[in-house]
Every structure is written in structure tokens, then in C-alpha cells.
Amino acid sequence: MKTKLLLLLILVILLASTLSSCSSNLYAATSWPGVTVHENTAYVAYNQHIYSINLETGVEIKRYPEKADRAKTFYAAPVLTPDGAQLIAAGYDKVLYSLDPVTLEEKNAFKGATHRYIASPLVTETGIYAANTDGNLYALDFQFQPLWDKPFPAGQPLWAAPVANAECGCLYLTSMDTYLFAIDIATGGEKWKLDLGAASVGAPAIGEDGTLYVSTFSEMLAINPASREIAFRYKTDGMVWSGPAYADGRLYFGDIKGTFYVLEASTLGEIKKITTDGTIVSTPLVTPETVYVTTQAGSLYTFDRDGNELRSPQKFGIEKVSELYAPAVAYGNQILLTPSGVNEMLLYAVDANGNQSWAPFAPAK
Amino acid sequence: MLNFNTLIVYPLVNILLVIYDVVFNNFGLAIIAFTIFIRLVTHPLTVQQLKSSSAMQEFQKSKEWQDIQKKYKDNREKLSQEQMRLYKEKGINPFSSCLPMIIQLPVMFAFYQAIVLALAATPIQFLAFVKNIYPFINAAQLVPLKSHFLWMDLGQPERLPIFGIGVPVLAILVVITTYLQSKMMAMPTSSNPKDQSAMMTNMMNLYMPFFMGYISYTLASGLAIYFVISNLFTIGQYAALGKLDYRNLIPKRWRPAVQEPVKSKFDAVPAYDPPAIETSTSAKSSSKGLRRITPKAPRKKSAKNRSK
């Protein structure tokens, strides 16, 4: 009888721990990889490590941390400081890290936030600006000391990185509580804010004339920062996750229903609207002649600057089951892709014709 | 593709969103309203479960049930055979009280998943959430759901800072309400200290509140709200059906003595006498191991029963 009672107790404990782990499986990826390229090295943040990878060979150089730590997970693309001496990485463990770009050893850490970092930090000549899901924008100098008297409180969680505009000396920040904030970069004070009408998780793009292009969960907006008014609106088929790419007076972006848009930036007039095979959550990569779009279905679409498809979409990954949430990243004349999904390939490099430059990088276990 | 999520979880998520829209974009109120909605929908199943349990309980008070318990107390296999035979004779399905609970479990599990999904705190979760919102819901205006309710962030485990210490108020409430619920709804168990099912029930009544409390302590507080409201609703539901036994809250030694045996409606039916059987033990047991059980003459009806 005692054995049965003991078994019952064990069963209850097992059930409790199983249910607890259901909502917080630390080993399951909860976002997509973030990639930064510097010279011939790619820094890839994914799940429990940040990897530095030699882009000439596709071989891993270092990883941080060396041994997986259940408490540490990274998805936001790490960013180098202007002098190249620090790699700033934002973790799901509420910590902002400064790593040595060569050795990936930890140099410094900021532990002032109370929630995870989803967005990459913005690093400028003046400092590091890290948006956190606790609703605060933290500003630090390169020694990780606060730049402002207090972090900027946006209220709702911040999933998008801020964007700096040197002309106005301000940062633009979108938040999940539907507001676009203009923040004084020197003091952290609010200059103005504008209700966008829906939440935004994408970083704004800034046009040559200073116009702000902001994606929301239902529209693309063109905002005149001088008058602080919405100048033009474009209704999208689905939610727009990332901010648009702005190039030569045009906007390129996709939505979660898989529609890819090319708009005239000045009026938000539609130039092209193409249906792809899956959800688009990343900002397209725009090169002088080509626009690359990744889809959740694992395809890489290649368009010309007018939105005409240059070749059939390419699939990546073992048995072509990987998902491409992360944006394509340019490296010389190659394109870097970081699939996520059930296979373990983390980094592909393809040339302009879609040929793979080296065997895909798969992190050793 | 049809699967558990498409059939149950996503519809629940969308119902939750509609309620959220109705209750002024307050996710705490939406969870409370949603819990009550789910409990009302599953109310007929609960009533069915209660009826079956009561029938079982009543039957187990009957004399013939008690008789076979005594008669085969040393032969568990035979006892279970006889029990099954009795169930069959009386037209009782011993699993009928579990069936409604089994049907409710997937709904409860889906509800748990729906809350977790709606409180999506990571990009992959959030994408899964928004991609499964039905077109007639104005998702762009509703998401992300505002997860603050009273002092809580519904997507995080709840702690109320009191004098600098984070007190898990909801987890404590879950422990208390689960305990009250299990105690007041508990069927009277056998006084026999060797009754295994009674011991198991008692142990479950003891463990379950702590188990639920642990879940509430570690998971999103939105779920803890669901547990508290669900427990309170169940207590109210049982009270309305007259099935709460408040005496169970009083320790046994302080309770007034109950007269035994309790008369069961099943006693009105002629008692069943098992046929003679021969049981052989091991070869060693020789004649001592052979036991002849002779059928008795049918038991005479009581005066009361005869008069019926």
C-alpha cells in the first residue's frame, strides 16, 4: 500500500513538472535566428548560443556560452560597437551582454531590465539603446553605465529596435501599445508621440526627406515628423511584422498572409503586390539590383527592384522543411540565410545564382 | 489539416478574443467570463457525472455490496468478479461517473493551451496566435492582449509585493479553493482503515491542492485565475445541486456520530447470493485449501420490503 501511495505522489510530482514545462520549454526555439556580419565573420544568435562563423569556410570559430546554459537564450542579432571592440548581445534572460568579438568572452553585463530582450539593440556613436519587453528603453554608454537619468518608459512591451535620426537628435521607437515615440537621444525625454491605431513590432524606416515609414498590424503608414501627422496610409492584406525596407523612393515589405508589396514611398501608391508561399516576417534585403524575400515556408524569393520575380523561389534545408523567418543578409556577392525549424542547419551562403558557397553550417553539439 | 488545435484550441482562442472585446479589452475579466462560459457549457456533463457518482455511492451502501466485501475480503480477484457481476445485474456502469470527466479533460487542457497561446510572449508563439485568429475578428485592434489585471501581469507568475516580499496570493487561493472543493465534494469513504480506495482518495485530496498550487506558483497568473474561478464555480455548482457536504470540513473526531448502516435504495432489491464455488490454493494446501461454499436459500425480504 505504501508503494502505491509513493507511486501516486511521484505521479503527481511528474505531472506538475510536465505541465510546468509545457509553457516554458527552454530547449524549444521561441524565435528565429539573428545575424550580423562584420568583415568575414558572421555572428548568429540562436537558442542557447551566439556563434561566430568564418564566412570564407562556413566553419564555427567560437560560441558563447561554451556550454549551453538553460538560463541563457539569444535570438536578437548581436551588434558591434563603432570601434569594433564589443559585440552587444541581448538575451532572453533579461541581460544585455558585452562580448569580445574575437573570443566571444563576456566582458560586461547590464542586468537592469526586468524582462527579456526581443529586439536587437541599437548601437550608435553615442551609446547603446536597448528596447526591452518590460516596456522600457535602456540607454547605456560603452562601459554599460546609464546614459539617461532613467530608462524611457513606453508602457507596453517593446519588440522593435529604435531607429536614430541624427538630424533631429532623436530616436524613433514603436511600441505594442500602438504609439510611435520620438525620444530625445541626449536626455531620454519624450519629444512627441503619435497613436498609430494598431500595435507595431517593426522598426521604422526613414526616407530621404525625413518621412517615417511605419508598419502596424493592419497598415503601412507614412508619417511627417514635422507636423506629427500621418500623411498616407496603405491597408495591407495581413499584419505587417517587420518594418519596411526603403530604397530609392520605394518601400519593400511583406505581411503574415504572405503578400509582398512594392509601394511608391511618396504617396504609398501600390507598384506591385505578389502572393508568396508563406508568411513574411522579415524586412526584405535590398541590393542595388535585387530584392530578396524570405518566407516561413522556407523559400527565398528573388525580385528585381520593380517587384518582378527573377527566378523561381529556392528552398533550403534538409528535406526542405526548414522555415525562413529571419531576413536574408548580404555578404559581398553572397546572401546569408538562417533557417529555423526541424533540421539543424543554421547558416547557408548562396551566390547571386542561388548556388551554395559552402556546406551549410550546422552547430556541433 | 484537422487536429486538436484546429478543432478545439483555436476555436477557444477566438471565443476568448470575442469575450475580450466585449469586456472592454480586459484580459483578466475575459478569463473569468471565459471560465464561467466553459463551465456552463460543460454543466450537463457535470450533472451526469454527479448522478452516476451518486448512484454508485448509493449502491455501495447497499447490504449486498457490503456483504460481498466481507465475504471476499481475502480474495481480491473473486471480489472484483462479484462486484462486476453486481454492477451488471443492477444496470450500473462503474465507469459512467468517469466518462463525463474524461470528456471534459480535453476541453480543460485546450482551455489551458488557449490561454497560454493568447498570452504569447515570444515571436513564434505570437505568430501562431495571430495567424489563427478568425477573419471576422478585428485582430489588428485587439492584439496584443493587454495582460495587466489588478496587480498582475497575466502572462507571468503572480506575486503581490507585501513589505518587499512577493507573496503568491493566487497560488495560495488556488490551494485553499482546491482543498475546500475536494473536501466538500468528497464522497463519504469507508471507515475501514484498510480500504485502499479510501486511502487513495484521501491522499489525492491532500496532494491535489499542493499540486494545483505549485502549477499556479510557476505558470502564468492567467491560469491561476482560471483555477480559482473554476474551483469557486464548481463549489457553487455542487451547492446548487445540493451535493456539498460541509461536514467534511470538520475533523472526523469532532463530527457528530452517524448512525450505521445507512439504508440504500438498492437494499430493496433481493440480495444476491453467489453460487457455490471451489477455490483451490496451492498443491500443498491439500484438503485444507479446498473450500466449499454452499449457496444459501434466498434471503427473506424485510417486512418493509414485503409491504411494498
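In this report, we go over the structure that sits alongside the text. Keep in mind the model is a prediction, meaning the values are calculated, not measured.

1. Here's the deal with the pairing of strand 15 (residues 179-184) of chain A
Residues and elements named next belong to chain A. Direction of pairing for strand 14 (residues 170-174) relative to strand 15: antiparallel, over a ladder of 5 bridges. Note on strand 15: the bridge partner recorded for Leu173 is Phe181. In this antiparallel pair of consecutive strands, strand 14 and strand 15, the connection spans 4 residues, and Thr178 shows a positive phi of 80 degrees. In this structure, strand 15 lies alongside strand 16 (residues 190-195), joined through 5 bridges in antiparallel fashion. The residue bridging Tyr179 from the neighbouring strand is Asp195, located in strand 16. Here strand 15 folds back onto strand 16 in antiparallel fashion, the turn holding 5 residues, of which Gly188 has a positive phi close to 85 degrees.

2. A few points about the side chain of Asn231 of chain B
All names here are of chain B. Here Asn231 is to be found in helix 11 (residues 221-240). Judged by relative accessible area, Asn231 falls into the buried class, the value being 8%. Only 2.9 Å separates the side chain of Asn231 from the side chain of Thr178, close enough to count as a polar contact. Look past the residues within four positions of Asn231 in its chain and what remains in contact with it is Val174, Thr177, Thr178 and Gln181.

3. Observations regarding the sheet that holds strand 19 (residues 219-224) of chain A
Reading across the sheet, the 4 strands line up as 17-18-19-20 (chain A) and stay open at both edges, with antiparallel pairing between neighbours. Of all strands in the sheet, those bounded by a partner on one side alone are strand 17 (205-206) and strand 20 (229-235) of chain A.

4. Digging into the nonpolar core
Core analysis: the largest hydrophobic core is formed by 84 residues, its most contacted members being Phe217 of chain A together with Phe27, Phe126, Phe129, Val130 and Val143 of chain B. Those residues in contact with Phe126 of chain B that sit more than four places away from it in its chain are Trp159, Met176, Phe217 and Trp241 of chain A together with Ala120, Val143 and Pro144 of chain B.

5. So, the environment of Ser215 of chain A
All names here are of chain A. Of note, Ser215 is situated in strand 18 (residues 212-215). Linking Ser215 and Val201, residues 14 residues apart in sequence, is a C-alpha distance of 7.9 Å. What Ser215 contacts, discounting residues up to four positions off in sequence, is Ser200, Gly202, Met220, Val240, Trp241, Ser242 and Gly243. Among the polar contacts made by the side chain of Ser215, one reaches the main-chain carbonyl oxygen of Ser242 at a distance of 3.1 Å.

6. Focus: the packing of helix 2 (residues 27-41) of chain B against helix 11 of chain B
Residues and elements named next belong to chain B. Two elements in contact, helix 2 and helix 11, have axes separated by 9 Å at closest approach and are oriented at 40 degrees. On the basis of the axis angle, helix 2 is oblique to helix 11. The handedness of the crossing between helix 2 and helix 11 is right-handed. Packed against helix 2, whose contacting residues are Ile31, Ile32, Thr35, Ile36, Arg39 and Leu40, the element helix 11 presents Gly222, Ile225, Tyr226, Ile229, Ser230, Phe233, Thr234 and Gln237 at the interface. Residue composition of the contact of helix 2 with helix 11, grouped by class: 8 nonpolar, 5 polar and 1 charged.

About the criteria used
Residues numbered from 1 in each chain as written. Chains lettered and ligands numbered in written order. Predicted model: local features only at pLDDT ≥ 70, side-chain atom pairs only at ≥ 80, totals over all residues. Heavy atoms only, no water. Pairing = 2+ DSSP bridges. Helix = DSSP H or I, 4+ residues; strand = E, 2+ residues; numbered from the N terminus. Buried < 20%, exposed > 50% of the residue type's maximum accessible area, 1.4 Å probe, protein only. Polar contact = N/O pair within 3.5 Å; in protein donor to acceptor, adjacent residues only side chain to side chain. Contact = heavy atoms within 4.5 Å. Core = buried A, V, L, I, M, F, W, Y, C linked by side-chain atoms within 4.5 Å. Axes fitted to C-alpha atoms, helices over the stretch in contact; angles between N-to-C directions. Parallel < 35°, antiparallel > 145°, perpendicular 65-115°, else oblique. Left-handed = near helix turned anticlockwise from the far one by under 90°. Nonpolar A, V, L, I, M, F, W, Y, C, P; charged D, E, K, R; others polar.

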